[in-house]
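Coordinate analysis (summary)
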Amino acid sequence: MEEGRGWAAGTSTGPPREFHGLVLKPTLGMPLFGWKFGKKKLKEEERQLQANNRDYNLQFQYANNSIKTSKYNIFSFLPLNLFEQFQRIANAYFLFLLILQLIPEISSLAWFTTVVPLILVLAVSGVKDAIDDFNRHRSDNHVNNRPVQVLINGRLKEDKWMNVQVGDIIKLENNNFVTADLLLLSSSEPHSLTYIETAELDGETNLKVKQALTVTAEMGEDLQKLTDFNGEVKCEAPNNKLDKFMGTLTVHGEKYALDNEKMLLRGCTIRNTEWCFGLVIFAGPDTKLMQNSGKTTFKRTSIDRLMNFLVLLIFAFLALMCFILAIGNGIWEYDKGYYFQVYLPWAEGVNTAAYSGFLMFWSYVIILNTVVPISLYVSVEIIRLGNSFYIDWDRKMYYPPKDTPAQARTTTLNEELGQIKYIFSDKTGTLTQNIMAFNKCSINGKSYGDVYDVMKNSIEITEKTEKVDFSYNPLADPKFVFYDHSLVEAVKLNDAPTHSFFRLLSLCHTVMPEEKVEGQLVYQAQSPDEGALVTAARNFGFVFRARTPETITVVEMGETKTYQLLAILDFNNVRKRMSVIVRSPEGNLTLYCKGADTILYELLHPSCEDLKEETTEHLNEFAGEGLRTLVVAFKNLEEEYFEDWIKRHHQASTDLEGREEKLSELYEEVEKDLMLLGATAIEDKLQDGVPQTIETLSKAHIKLWVLTGDKQETAVNIGYSCNLLYDDMADIFIIEGSTSDDVLAELRDARKKMKPESFSESDEVNVQFEKKTKKSCVMPEEQANGVYGLIINGHSLAYALEGNLEQELVRTACMCKVVICCRVTPLQKAQVVELVKKYKKAVTLAIGDGANDVSMIKTAHIGVGISGQEGMQAVLSSDFSFAQFRYLQRLLLVHGRWSYIRMCKFLRYFFYKNFAFTLVHFWYGFFSGFSAQTVYDEWFITLYNLIYTSLPVLGMSLFDQDVDDRWSMQFPELYKPGQQNKYFNKVEFVKCVLHGVYSSLILFFIPYGAMYDTMRSDGKAVADYQSFALMAQTCLLIAVSVQIGLDTAYWTAVNQFFIWGSLAVYFAITFTMYSDGTYLIFTASFPFVGTARNTLSQPNVWLAIFLSVILCVLPVVGYRFLKAQLKPTVSDKVLQKIKKDKKRPLPPSPKRRLRRTSTRRSGYAFSHQHGFGALIMSGRNMRPKSPFAATGTFSPNSEKSRHK
């Protein structure tokens, strides 16, 4: 343990005060729903525990192994959920209105007009929240109830994960998930090695090796020894650093250092290890996986936030109107009403005009509350739910091989899918399938892998293309696919270079074979690249069968041969190659080497010049197709020279000083004058349609950042494969500084090249940050002088995320078209997303498929989970999920864009129709003595938003589309207005209000003027309040119906039915309610008897209605026409182009192969761990049980093999 590690910052240099080994820091904790009010909560700074001693460990109150991601329980749901819901301003406002309506002095509308909608809204939201939380509970229970074997009182007892405690010893078996963060004690493998897969933590599927301390390894699976084990561990407190662990183990008074190589972390999977025992160090929420998982936050869209602001604005506007009308009432009552008390008596308890004005203020609050109707929120939820169903039902986002449909797991974020500016993507399993395939090769100047027709023209490989039949080889891998038959023919014809090529691939590697059933070989490769190459050699007749520290057994064309393995010249990131020196059964000494072409070309013999040129052409072709290339070569060694070299090698490998340098020199010496054999091309299989999807998203001005746990070379390779990076870019910056100063300098150099003027004092961003105002957080968009890419590794990123460097990182990275972050931890992924959210006014989306992506999925505005190879954690934490990355373009460009446009149209229309409806009351106040008399019939007020205008706007908001899905994908530029939030913002809202004010003036004064002192054709008067009310409400309803007709771009039978049906329902209800029969049955409730037939039978009334409607919609039609002609937007231009193109049939999408000239990129061993060769040579990972280790007698052509 490092001295002082884990001590609280700022303490003295001496050891801290310890309480049973736990360094404590007091903090005052006061949980909201707990009992420990005012108690001091102790913060852990260092952990101490004892194996097999629960009583001792319980005193520290460490977390147990249960996890909890749910928010509520059965008792807290109602109070907590209602508390959350009433934090919505509108809900709290309607509760306040309800209280007002219960006061008889000021109530002008019945209380039930508010109660019913409010309860409906609360119930719908509550049920949705309950279902979401129920699913979280179910997920938690599934994990917490997994079985595990715990050592208790000398016996292994099966228990649940959630009951495991710190200090317990547990047994794990092959393919088990690791239960908690464990210290590895012993395993079934030699030297207590344990193989693990860390896909859930870092996305890598290649195996990692962990090794127990010798002192604990000796216990093996002896339960008595394990029970008696009472070692004490002191280590760091729980943290989120996946690659670091520091601690000490004390056994029998001896101290042993602990590091990350001895830890098995929760989230890993045990592989190729029959059993292992581990001591629980961190459990449940303290595990590194859970520390990296991030918090579940309540996500709200930008439109939600804008609506909250607008609702506050409307409240202020409402208060102003009520204040004006209350003042008016006070003046009118003082000036006029006081003398009319016999005719219009004041209410009981009202003694002064001022008090009357005060009561009228609250009466008008109730009457004018429809400027923010509660139905707005009900309608918004219905629209979002409907658009979510479209995603669930979309057959074009259904993936048949896995029977996986797209799923909208959250129904509150749909419209934000139409506003994405930044996408943060994982690589492994998201962009790629995580499958390496041997695709092509060049052997002795001839290229293999392409398929030609009889005219020698290259043809595209499809599913129907004939595959090579490997049935002649009983040891072939049935999953391996190759299409070029000429390569098999060359092997069968005993072509010497071809045999040498595949012999090299079968010998030069660090792969471990596993053969549980004879003849069924499984390769465990350190990197998937190596697995692909050895599998290719296997299928072409050179089967790597077994290995020991001294030998490699290969079945060559049916004949078993055992090669003596004399040395492995291991791979590292500087050498970028690996070699083996072997002695063949015939006694020949050969060095086989494979590595990056740029390195190996420097080591070739001069006689290979012609072959080198031919191979270079092939390499360029392979790289142009995005394949990962690798060059292979060999050298025959003299016996005398090798004897001398191996002595020097042994001496160098045992030197304590300068060992690495001396070995490197010896490697350089022997790896000279190599003879070129050829090159391999491996395809890191992308998911279908990834390059095309990225290209389409790029046209939609969406920036893609790749955040991966993989090495830099691997990530760059994929960047080129999927068209993220390309050679036509102005520059690709690599940030790999090892100090914060280096990183700052590299970032600034990159920014200087992209935009030199960004360093001037007058630059907008520099000025903004000098002022340091509260709003200065958000940086404006900056344009670079070309197309650039940025690559940054995790080590440098850690510095870049600190202090002032984060602003520099955001400025530089956001100027680039593509950013790739390599070797990043799950928490760093979330920090990068948080950084862009903090400094850019942009909507972010994170997409991934593993547990290591959960934190960024939770952090981004929208999280998308891919139900892929790495489990379901990402899907469970996501807002939307589907099976393939390519579906992302449809989710955003079609569903997202439609949802955004529909929501914006809905809000614009909704605010317009309610302002037009409500402000008529305001104007009427000036003509009714400010008496809070409503213009309309009370039943019309109740049904206006509920029935008359609800369905047409819902019809538009669920079915409208400016262009169909094909054109949306064909013209990604249509997505841009959503990113700029053009369709609904504060300016658009002001336009809606002005439109509503103008319409309300028309809808009040034209009916008022038309009714004023008017006589019917038979001489009877119609200028009464009830006739005016009916005429005003009819004008209003027809005007808003015409307006929605103008707003609808896509007419369906449903829209037609809703609009005409709503008008028909209005007239049907009006004539029914105003009939004599209804009046006789419910006299008090329906006083407008006979008004409908008296008023609507007059031609002048219909003329006035027609005039009102024309005056309401004419300015809108004129404004839209002139705007489209004089100042067309990008959307207007694209829509015009689509109208022209619609006259011609839509051209089929060109199916082109993405070929380009590209720099060659070695695909060799990028997932390799340095030193694995030494592990193989030491034999510490070998089992002495392979039947092929010592003999060379097995042949696949033997009788036994043939008749199996």
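Residues numbered from 1 in each chain as written. Predicted model: local features only at pLDDT ≥ 70, side-chain atom pairs only at ≥ 80, totals over all residues. Heavy atoms only, no water.

Quick look at the overall build of the chain now. Looking only at helices and strands, the chain has 41 helices and 37 strands in total. Out of the 1204 residues in the chain, the part that is buried amounts to 55%. A separation of at least 24 residues holds for 73% of the contacts in the chain among residues at least 6 apart in sequence. Here the chain has roughly 54,200 Å² of accessible surface; of this, 57% comes from carbon and sulfur atoms. (Helix = DSSP H or I, 4+ residues; strand = E, 2+ residues; numbered from the N terminus. Buried < 20%, exposed > 50% of the residue type's maximum accessible area, 1.4 Å probe, protein only. Contact = heavy atoms within 4.5 Å. Areas by Shrake-Rupley, 256 points an atom, 1.4 Å probe, with all protein chains shown as cover.)

For the rest of this paragraph, the subject is the sheet that holds strand β3 (residues 46-50). In space, the four strands of this open sheet follow the order β3-β10-β11-β12, with antiparallel pairing throughout. Where the open sheet ends on each side, the last strands, each with one partner, are β3 and β12 (254-258). Averaged over all pairs of adjacent strands, the angle between their axes in this sheet comes to 20°, without regard to strand direction. Strand direction decides the pairing type here: strand β10 (residues 232-236) and strand β11 (residues 247-251), joined by four bridges, are antiparallel. Paired with Val-233 across the strands is Leu-249, a residue of β11. (Pairing = 2+ DSSP bridges. Axes fitted to C-alpha atoms, helices over the stretch in contact; angles between N-to-C directions.)

Turning our eyes to something else, we now look at the packing of helix α29 (residues 938-948) against helix α30 (residues 950-959). At a minimum axis distance of 5 Å, the contact between α29 and α30 shows a crossing angle of 25°. In terms of orientation, α29 and α30 fall into the roughly parallel class. The residues of α30 that touch α29, namely those facing Tyr-944, Asn-945, Leu-946, Ile-947 and Tyr-948, are Ser-950, Leu-951 and Pro-952. (Parallel < 35°, antiparallel > 145°, perpendicular 65-115°, else oblique.)

With that settled, the discussion passes to the pairing of strand β5 (residues 155-160). Here strand β4 (residues 147-152) runs beside β5; their pairing, made up of six bridges, is antiparallel. Bridge assignment links Gln-149 to a residue of β5, and that residue is Glu-158. Hairpin connection of β4 to β5: two residues between the antiparallel strands, including Asn-153 at a positive phi of 50°.

A word on helix α34 (residues 1025-1047). For α34, which comprises 23 residues, the first-to-last C-alpha distance of 33 Å matches the rise-based estimate of 33 Å (1.5 Å per residue) to within 8%. Within α34, 19 of the 23 residues are buried, which leaves the element mostly enclosed by the surrounding structure. (Expected span 1.5 Å × (residues − 1).)

Right, let's get into the environment of Thr-412. Looking at where Thr-412 falls in the secondary structure, it is placed in the loop between β16 (407-408) and β17 (420-425). Residue Thr-412 is classed as buried on the basis of its relative accessible area of 14%. When the C-alpha atoms of Thr-412 and Arg-384 are compared, they prove to be 6.2 Å apart, with 28 residues separating the residues in sequence. When neighbours within four sequence positions are excluded, Thr-412 is seen to be in contact with Lys-128, Lys-299, Thr-301, Asp-304, Glu-381 and Arg-384.

Applying the stated criterion across every chain yields a total of 58 aromatic pairs. Relative to Phe-358, the ring of Tyr-355 has its centre 6.3 Å away and its plane inclined at 15°; by these criteria the two rings are stacked. One end of the pair is Tyr-355 and the other is Phe-358, both in helix α10 (residues 353-367) and three residues apart, which spans about a single turn. According to the relative accessible area criterion, Tyr-355 is partly exposed, its value standing at 36%. (Phe/Tyr/Trp six-rings, centres within 6.5 Å; stacked < 30°, edge-to-face > 60°.)

What follows deals with the pairing of β10. Sheet topology places β3 next to β10; five bridges connect them, and they run antiparallel. Within β10, the residue paired with Glu-46 across the bridge is Glu-236.

What follows covers the UniProt feature "active site" (unreviewed entry) in the chain. Taking the numbering used here, the UniProt-annotated feature "active site" (unreviewed entry) corresponds to Asp-426. By secondary structure assignment, the location of Asp-426 is in the loop between β17 and β18 (432-443). Not counting residues up to four positions away in its chain, the partners in contact with Asp-426 are Leu-431, Leu-707, Thr-708, Lys-829, Ile-847, Gly-848, Asp-849, Asn-852, Asp-853 and Met-856. Within the structure, the side chain of Asp-426 is placed 3.4 Å from the side chain of Lys-829, a separation counted as a polar contact. (UniProt positions renumbered as here; feature names shortened; annotations may be inferred. Polar contact = N/O pair within 3.5 Å; in protein donor to acceptor, adjacent residues only side chain to side chain.)

Before going further, it helps to examine a nonpolar patch on the surface. Together, Leu-320, Ile-324, Phe-926, Phe-927, Leu-1001 and Phe-1005 give the surface a local cluster of nonpolar side chains, amounting to about 510 Å² of exposed area. Mapped onto the nonpolar patch, the elements with two or more residues apiece are α9 (302-335) and α33 (986-1011). Note that Leu-320 resides in helix α9. Take Leu-320: its relative accessible area is 47%, and that puts it in the partly exposed class. (Patch = residues over 30% accessible without salt bridge, like charges linked within 9 Å, V, L, I, M, F, W, Y side chains within 5 Å. Salt bridge = Lys/Arg side-chain N within 4 Å of Asp/Glu carboxyl O.)

Before going further, it helps to examine the sheet that holds strand β32 (residues 731-735). Read from one edge of the open sheet, nine strands run β16-β37-β36-β35-β17-β31-β34-β33-β32, paired in mixed fashion. The open sheet has two edge strands, β16 and β32, and neither has a second partner. Direction of pairing for β16 relative to strand β37 (residues 880-882): antiparallel, over a ladder of two bridges. Along β37, the bridge assignment pairs Ala-408 with Phe-880. Strand contacts of helix α21 (residues 740-754): β32 and β33 (788-793), with the helix running at about 165° to β32, the strand carrying the most contacts.

With respect to the secondary-structure elements, Phe-1057 resides in helix α35 (residues 1053-1073). On the accessibility criterion, Phe-1057 (59% relative accessible area) is exposed. Here the alpha-carbon distance between Phe-1057 and Gly-955, two residues 102 residues apart in the chain, equals 9.3 Å.

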